[in-house]
Amino acid sequence: MTHGSGAEMVPEVSAAAGFVCRLLRGRGRLSDAQLQVFRDCLAQALSEHYQNHWFPDRPQKGSGYRCIRINHEMDPLIGRAAIRIGLTSGQLFSLLPRELTLWVDPYEVSYRIGEDGSICVLYETEPPVSSPAPSISAYDQTASCKNRFMLGGRTSPPKNYLMMVSG
């Protein structure tokens with residue numbers, strides 16, 4: 001069992017925080033300084049939250065725990081970062097999609113907007129060659145937030161849905 005270090009999750013956490021920040025930027029109501037503080041606070045909160053739930057040798061393990069979700073309730077990690085820049089809950093809900101699922105896993109960050117939206121990949125990289133391909137038990141496949149949705153008939157999008165997040 002490998003509990004990855006914070007350094008190992010930097011690209012994934014950065015992609016996730018940057019994506020949420022870009023969603024907020026799209027409405028044009030926040031300054032660049034506010035967006036930077038939000039991004040930094042969210043990245044730190046995600047890194048701390050995932051600290052003992054990051055398994056590079058078994059990327060699907062802990063996926064449900066790492067799932068960021070907005071669906072009639074604000075994800076608490078996003079909510080805490082928003083408080084740091086003075087956003088109320090109502091303002092935050094008005095700036096972000098009503099339904100958003102963001103999966104932050106080792107080697108891949110993906111999202112879906114809306115319950116029936118396509119799953120799109122924000123960040124993807126290959127695991128290091130030195131790591132043997134893990135066998136995935138039936139429990140691991142059904143336990144992840146992303147896989148529960150995909151088992152309902154949804155599949156991953158074609159690779160042409162790749163969206164890059166700039167730093």
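Residues numbered from 1 in each chain as written. Predicted model: local features only at pLDDT ≥ 70, side-chain atom pairs only at ≥ 80, totals over all residues. Heavy atoms only, no water.

**Q** Talk me through the packing of aromatic side chains; I want residue IDs and the actual numbers.
**A** For the structure on display, the rule yields two aromatic pairs. An angle of 35° between the planes, with centres 4.3 Å apart, marks the rings of F19 and Y111 as tilted. Highlighted residues: F19 in helix 1 (residues 10-25) and Y111 in strand 3 (residues 108-113), separated in sequence by 92 residues. Y111 carries the same exposure label as F19, and that label is buried. Measuring from ring centre to ring centre gives 6.1 Å for Y50 and W54, while their planes differ by 15°; the resulting arrangement is stacked. Residue Y50 is classed as buried on the basis of its relative accessible area of 0%. The class for W54 is buried, based on a relative accessible area of 1%. For the cation-ring pair, K61 lies above F55, with the distance from its terminal atom to the ring centre recorded as 4.5 Å. (Phe/Tyr/Trp six-rings, centres within 6.5 Å; stacked < 30°, edge-to-face > 60°. Helix = DSSP H or I, 4+ residues; strand = E, 2+ residues; numbered from the N terminus. Buried < 20%, exposed > 50% of the residue type's maximum accessible area, 1.4 Å probe, protein only. Lys NZ or Arg CZ within 6 Å of the ring centre and 35° of its normal.)

**Q** Explain the sheet that holds strand 4 (residues 120-124) residue by residue, including any values.
**A** Strand order in the open sheet formed by four strands is 1-2-3-4, and the pairing between neighbours is antiparallel. Each edge of the open sheet is held by one strand with a lone partner, namely strand 1 (68-71) and strand 4. Averaged over neighbouring strand pairs, the angle between their axes works out to 10° when direction is ignored. Note: strand 3 against strand 4, four bridges, orientation antiparallel. Pairing of E108 across the sheet is with E124, part of strand 4. (Pairing = 2+ DSSP bridges. Axes fitted to C-alpha atoms, helices over the stretch in contact; angles between N-to-C directions.)

**Q** Account for the environment of L24, with residues named and values stated.
**A** Structurally, the position occupied by L24 is in helix 1. Given the relative accessible area of 0%, L24 is considered buried. Each C-alpha atom, one on L24 and one on L92, is 8.4 Å from the other, the two residues being 68 residues apart in sequence. Aside from chain neighbours lying at most four places away, what touches L24 is L30, L35, F38, L92, L95 and L96. (Contact = heavy atoms within 4.5 Å.)

**Q** Before we move on, can you summarise the packing of helix 1 against helix 2 (residues 32-50) with the specific residues and values?
**A** Close contact between helix 1 and helix 2 brings their axes to 9 Å; oriented N to C, the two are set at 145°. The two elements helix 1 and helix 2 cross, and the hand of that crossing is right-handed. Counted together, V13, S14, A16, A17, G18, V20, C21, L24 and R25 of helix 1 and D32, L35, F38, R39, L42, A43, L46, S47 and Y50 of helix 2 form the full contact between these two elements. A breakdown of the residues in the contact of helix 1 with helix 2 according to their chemical character gives twelve nonpolar, three polar and three charged. (Left-handed = near helix turned anticlockwise from the far one by under 90°. Nonpolar A, V, L, I, M, F, W, Y, C, P; charged D, E, K, R; others polar.)

**Q** Hey, could you go over the UniProt feature "domain: Anti-proliferative protein" (unreviewed entry) in the protein chain for me, with residue numbers and the actual values?
**A** Feature annotation in UniProt places "domain: Anti-proliferative protein" (unreviewed entry) on residues 50-70 and 96-115, given in this structure's numbering. The straight-line gap between the two end C-alpha atoms of residues 50-70 is 18 Å; of that span, 24% is helix and 14% is strand. (UniProt positions renumbered as here; feature names shortened; annotations may be inferred.)

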